[in-house]
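# Geometric and topological summary
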Amino acid sequence: MGTSSGPVVETSDLRKEYPTRRGTRVAVAGLDLAVEAGGVHGFLGPNGSGKTTTIRMLLGLARATSGTMRLFGEPVPERLPHVVGRVGAVVESPKFSPNISGRRNLLLLSRSIGAPDTRADAAIETVGLTGRDGDRYKTYSLGMKQRLAIAATLLKDPALLILDEPTNGLDPAGIREVRDTIRALGEAGTTVLLSSHILDELGDLCHSLTILELGKVMEHGPLDQIRARHASGQTVSARVAEGVEALQGQLEKIELVTNPRVEGDSVHFDLPGGDPELAKVSRALHDAGLTVLELHPVKGEISHIYFKATKGEVQ
C-alpha cells in the first residue's frame, strides 16, 4: 500500500456548475473534503446531492468549475496520471465477459495492466469469491457481480478505493456480502471512500463521514466526534402491535416527539429531552390505545445525525 503525508483525498472550495435552460445548476458548492489514510470514509447524501459529481471530478471524468483537488498530495487532474495507479474505483458497472469465469475475467484484466496472475487469486480471496471464481460470470448473482467488480479494482493493489453506491439494486444477502468486503478492506489498511444515499448503511462501516446536501457539506469528521456533537437528546425506536402507520400517526400528535420516521416494522423518532421523556411517551401511546411492543433508545444512529445536520430537509 502507498502512503501519504497528508490526506489521501483533499478538496478545497470545489465547485461544479452545469448550464441549463433556466440558467445554471450548482451540483457541488464549495466542497471542502479531507479523507485521511486508512479505514472507510462515508460520503453520504440523497441522490442529487453531488456525491457522484465529486467522484467523477476526482477521477478526471468531469471538469471542476473552480476549486482545487488533491490525491495523495498531488494536484488533480494535472498529476492524475502519476497517482491513478494507486486508485481503484467502481463508479459504474464494469464490462465483464458473460461466458467466461469470474477468475478468467480477472486474469485477462490483470494481464492487460501487467499485474501478476497471483494478484487475481488474492483479489478473489479478499472479496470472498473463492469456490465460485470458476463459474461463468453470467451465472453470478448481483452481489457476486459487484464483489467481482471490487476485485477488479484490487488488481492494482490500490491504496485508495472509491465506491459509488456499491449496494444499489442488491438484495439483503448481496448487501451483506458487499458490506463485509468493504469492512475487511478498511480494516486491512486500504482507504475506502464509500458513497451512499442509504442513511444507516454506513453506521457500522465508517470511521469518518461527510454529509452532503444540495452540493454543500453539512457535517464532516471522524464518526465518533460527529456522534458526540449530536449527542444531545436521543433517537428512540418504537414498535406497536397496531403497525407503523398507527404508531407514526400517534407520535406526530405528541409534542415531546420530533421527526418520527418509519424504519422497517418500527418507527424511529427524536426525543430532545432524552430518558426523562421516554416514560411520558410510553404513557401517551398506552393512553391512545396502542400496544407497545418495543420502546428503547437507538445509539449512534446515522439517520439521527443526518436529519439533525440537514434539519430534516431530505429530498
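Just so it is clear, the model here is predicted, and its values are computed rather than measured.

### What about the sheet that holds strand S11 (residues 234-240)?
Taken together, the four strands give an open sheet; going across it, the order is S12-S13-S11-S14, and neighbouring strands pair in antiparallel fashion. Two strands close off the open sheet at either side, each with one partner strand: strand S12 (258-263) and strand S14 (292-298). The sheet shows a mean angle of 20° between the axes of neighbouring strands, taken without regard to direction. Both S11 and S14 contribute to a ladder of six bridges, which runs antiparallel. In the strand pairing of S14, Ser237 is matched with His296. Contacting S11, strand S13 (266-271) and S14, helix H9 (residues 278-287) crosses the sheet at an angle of about 155° to S14.

### So, the side chain of Arg147
Here Arg147 is to be found in helix H5 (residues 142-153). Overall, Arg147 belongs to the buried group, its relative accessible area being 9%. In this view, Arg147 contacts Val127, Gly128, Leu129, Glu177, Val178 and Thr181; residues no more than four positions away in its chain are not counted.

### Description of the nonpolar core
Counting 31 residues, the largest nonpolar core has Leu106, Ile150, Leu163 and Val192 as the members making the most contacts within it. Listed by contribution, the elements that provide at least two residues to this core are helix H3 (102-112), helix H4 (117-126), H5, strand S7 (160-164), helix H6 (172-187) and strand S8 (191-196). Looking at which element gives the most residues to this core, the answer is H5, with six residues. Judged by nonpolar contacts, the second largest core, of 26 residues, contains Leu31, Val35, Phe72 and Leu193.

### Things to note about the packing of aromatic side chains
A ring pair, where both rings are aromatic, is described by two values, the distance of the centres and the angle of the planes. Scanning the entire structure with this criterion turns up two aromatic pairs. Ring centres 5.1 Å apart and planes at 50° place the aromatic pair Phe96 and Tyr137 in the tilted group. Linking Phe96 in the loop between strand S6 (87-90) and H3 with Tyr137 in the loop between H4 and H5, this pair joins segments that are 41 residues apart in sequence. No difference in accessibility class separates Phe96 from Tyr137, as the two residues are buried. Ring geometry for Tyr137 versus Tyr140: centroids 5.9 Å apart, planes at 55°, classification tilted. Taken together, the aromatic side chains of Phe96, Tyr137 and Tyr140 make up a single cluster linked through ring pairs. Above the plane of the ring of Tyr18 lies Lys16, whose end atom (NZ or CZ) is 5.0 Å from the centre. Above the face of the Tyr137 ring, Lys145 is positioned so that its terminal group lies 5.3 Å from the ring centre.

About the thresholds
Residues numbered from 1 in each chain as written. Predicted model: local features only at pLDDT ≥ 70, side-chain atom pairs only at ≥ 80, totals over all residues. Heavy atoms only, no water. Pairing = 2+ DSSP bridges. Helix = DSSP H or I, 4+ residues; strand = E, 2+ residues; numbered from the N terminus. Axes fitted to C-alpha atoms, helices over the stretch in contact; angles between N-to-C directions. Contact = heavy atoms within 4.5 Å. Buried < 20%, exposed > 50% of the residue type's maximum accessible area, 1.4 Å probe, protein only. Core = buried A, V, L, I, M, F, W, Y, C linked by side-chain atoms within 4.5 Å. Phe/Tyr/Trp six-rings, centres within 6.5 Å; stacked < 30°, edge-to-face > 60°. Lys NZ or Arg CZ within 6 Å of the ring centre and 35° of its normal.

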